[in-house]
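# A structural walkthrough
Take a look at the letters that make up each chain.
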Amino acid sequence: MSRDAWAGTDVLSILDFSRADIETLLKEASTFADNPKSAKKSLKDEIVATAFFEPSTRTRLSFSAAALRLGAKVIDLSPDVSSVLKGESLADTIRMLDGYSDLIVIRHPSEGAALLASEVATVPVINGGDGSQHHPSQAMLDLFTVKRLMGRIDGLNYAVVGDIRYARSAASLLYGLSKFKPGSVHLISPESLRPRDEVRDTLLKLGLKTDQLANLDDVIADVDVIYLTRIQKERFPDPNEYEKVKGSYRITKSSLARAKKGSIVLHALPRTNELAYEVDSLPSAAYMKQARFGVPVRMALLDLVLGGSTR
Ligand code: CP
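Attention here is on the structure that accompanies the text. What you see is a predicted model, and the numbers here were worked out from it, not measured in a lab.

## A look at the sheet that holds strand 7 (residues 211–213)
The strands making up a sheet associate through hydrogen bonds between their backbones, and the pairing can be parallel or antiparallel. Pairing is parallel across the open sheet formed by five strands, whose spatial order is 7-6-5-8-9. Looking at the sheet topology across the chains shown, the edges are occupied by strand 7 and strand 9 (264–267). Taken over all neighbouring pairs, the strand axes of this sheet differ in orientation by 25° on average, direction set aside. Relative to strand 6 (residues 184–188), strand 5 (residues 157–161) runs parallel, the two being bridged by five bridges. The residue bridging Val160 from the neighbouring strand is Leu187, located in strand 6. Packing of helix 6 (residues 136–150) onto the sheet brings it into contact with strand 5, strand 8 (225–228) and strand 9, and relative to strand 9 it is tilted by some 165°. Helix-sheet contacts for helix 7 (residues 168–177) involve strand 5, strand 6 and strand 8, and the interaxial angle to strand 5 is about 160°.

Written as structure tokens, this is what we have:
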């Protein structure tokens, strides 16, 4: 996909994009990351609407910051003070935003909500995370972080650790990695948090080879990127199942003692107790940088989809 071909595209899943598409995005994001404040106000005539039906700090605010950096205006739905509370349907809510804005970023607990929004809206829709599988802009910024900090995505060894069943950041990263040529990809989780069949089947179809382990320690000395996830308490259908696995793994300074030199630790955040605060002082702690890269990556995404720099 060339730059021009991004214009007007819905961004529902990273699966819809090729390696070349992603590389175009990462290249543009790199320019914005070098100097976000000096970016041309390429979207000064645009309005971006955010509609978040689930809590968010990073995705909502970094999309807003990205839009503002490019000169766009931002309107925010705030479901808890909107007519959603009066029972307005998702489709009608999206129809309203479609009339008031040039692009909609949606987050929703139900998988398929972003697809529904894209079918109703005439403006492009970006999925800011729906259900347990798709969070495309998170995967794009995760790949950007790896490229930026490690110099490449191919050939590295990855460990995705924790809740691979419900964490959409994990599934989306794996889908993103399937477009590249990683050295190895280890999935490390309790048995009940292994990928769901639909994710495993998609990875198989895409040809991404993974292995399933219970302990990070078995591979930590060979891994370049440790991608931690929070156990997604809110997505467990049965609270008893959450109780069984909560606290089943935790990364601390001592658990990283045997980590490969030059390796990095990523986490989409927010963290709970799976990632000790003491890790923050290690050179390998890259998750705060990762969160900051959300702005340049989403600047690139908005600019490409709204065709800002091609005008
Ligand atoms: N990484 C991420 O999606 O964070 P938020 O839930 O705060 O947006």
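So, next bit.
## With respect to the sheet that holds strand 1 (residues 47–52)
An order of 2-1-3-4 is seen for the four strands of this open sheet, with the pairing classed as parallel. For this open sheet the edge positions go to strand 2 (73–76) and strand 4 (125–130), each flanked by a neighbour on one side alone. Sheet twist, expressed as the mean angle between neighbouring strand axes with direction ignored, is 15°. Taken together, the four bridges between strand 3 (residues 103–108) and strand 4 define a ladder with parallel strand orientation. Bridge pairing in strand 4 places His108 opposite Asp130.

## Regarding the environment of Leu116
Its location among the elements puts Leu116 in helix 5 (residues 113–120). Put simply, Leu116 and Ala276 are 160 residues apart on the chain and 39 Å apart in space, counted from C-alpha to C-alpha.

## Topic: the site of the ligand
Around the ligand, the surrounding shell consists of Ser56, Thr57, Arg58, Thr59, Arg107, His135, Gln138, Ala268 and Leu269. In the environment of the ligand, an oxygen atom lies 3.0 Å from a nitrogen or oxygen atom belonging to the backbone of Arg58. One of the backbone nitrogen or oxygen atoms of Leu269 is found 3.2 Å away from a nitrogen atom of the ligand. Each of domain 1 (3–134 + 293–310) and domain 2 (136–291) gives at least three residues to the shell around the ligand.

## Some points on the nonpolar core
In terms of nonpolar packing, the biggest core is built from 62 residues, with Leu25, Leu143 and Leu302 touching the most fellow members. Top contributing element to this core by residue count: helix 11 (residues 294–305), with eight residues. Structurally, this core is a two-domain feature, drawing no fewer than three residues from each of domain 1 (3–134 + 293–310) and domain 2 (136–291).

## Regarding the environment of Ala113
The topology assignment puts Ala113 in helix 5. The class of Ala113 is buried, set by a relative accessible area of 5%. A C-alpha to C-alpha distance of 8.2 Å links Ala113 and Leu90, two positions 23 residues apart in sequence. Excluding residues that lie within four positions of it along the chain, Ala113 makes contacts with Leu90, Ile106, His108 and Asp130.

## With respect to the packing of aromatic side chains
How two aromatic rings sit relative to each other is set out by the distance from centre to centre and by the angle between their planes. The full count for this structure, using the stated rule, is four aromatic pairs. Centroid distance Trp6 to Phe17: 5.0 Å. Interplanar angle 15°. Geometry classified as stacked. Of this pair, Trp6 sits in helix 1 (residues 3–6) while Phe17 sits in the loop between helix 1 and helix 2 (19–34), and the two are 11 residues apart along the sequence. Exposure remark for Trp6: the relative accessible area of 0% places this residue in the buried category. Both rings, one in Phe236 and one in Tyr242, keep their centres 5.5 Å apart while their planes meet at 75°; by these two values the pair is edge-to-face. Accessibility expressed as a relative area gives 15% for Tyr242, which makes it buried. An aromatic cluster is defined as three or more aromatic residues linked by ring pairs; in this entry it consists of Tyr166, Phe236 and Tyr242.

Cut-off values and rules
- Residues numbered from 1 in each chain as written.
- Predicted model: local features only at pLDDT ≥ 70, side-chain atom pairs only at ≥ 80, totals over all residues.
- Heavy atoms only, no water.
- Pairing = 2+ DSSP bridges.
- Helix = DSSP H or I, 4+ residues; strand = E, 2+ residues; numbered from the N terminus.
- Axes fitted to C-alpha atoms, helices over the stretch in contact; angles between N-to-C directions.
- Contact = heavy atoms within 4.5 Å.
- Near = heavy atom within 4 Å.
- Polar contact = N/O pair within 3.5 Å; in protein donor to acceptor, adjacent residues only side chain to side chain.
- Domains from an automatic or database assignment.
- Core = buried A, V, L, I, M, F, W, Y, C linked by side-chain atoms within 4.5 Å.
- Buried < 20%, exposed > 50% of the residue type's maximum accessible area, 1.4 Å probe, protein only.
- Phe/Tyr/Trp six-rings, centres within 6.5 Å; stacked < 30°, edge-to-face > 60°.

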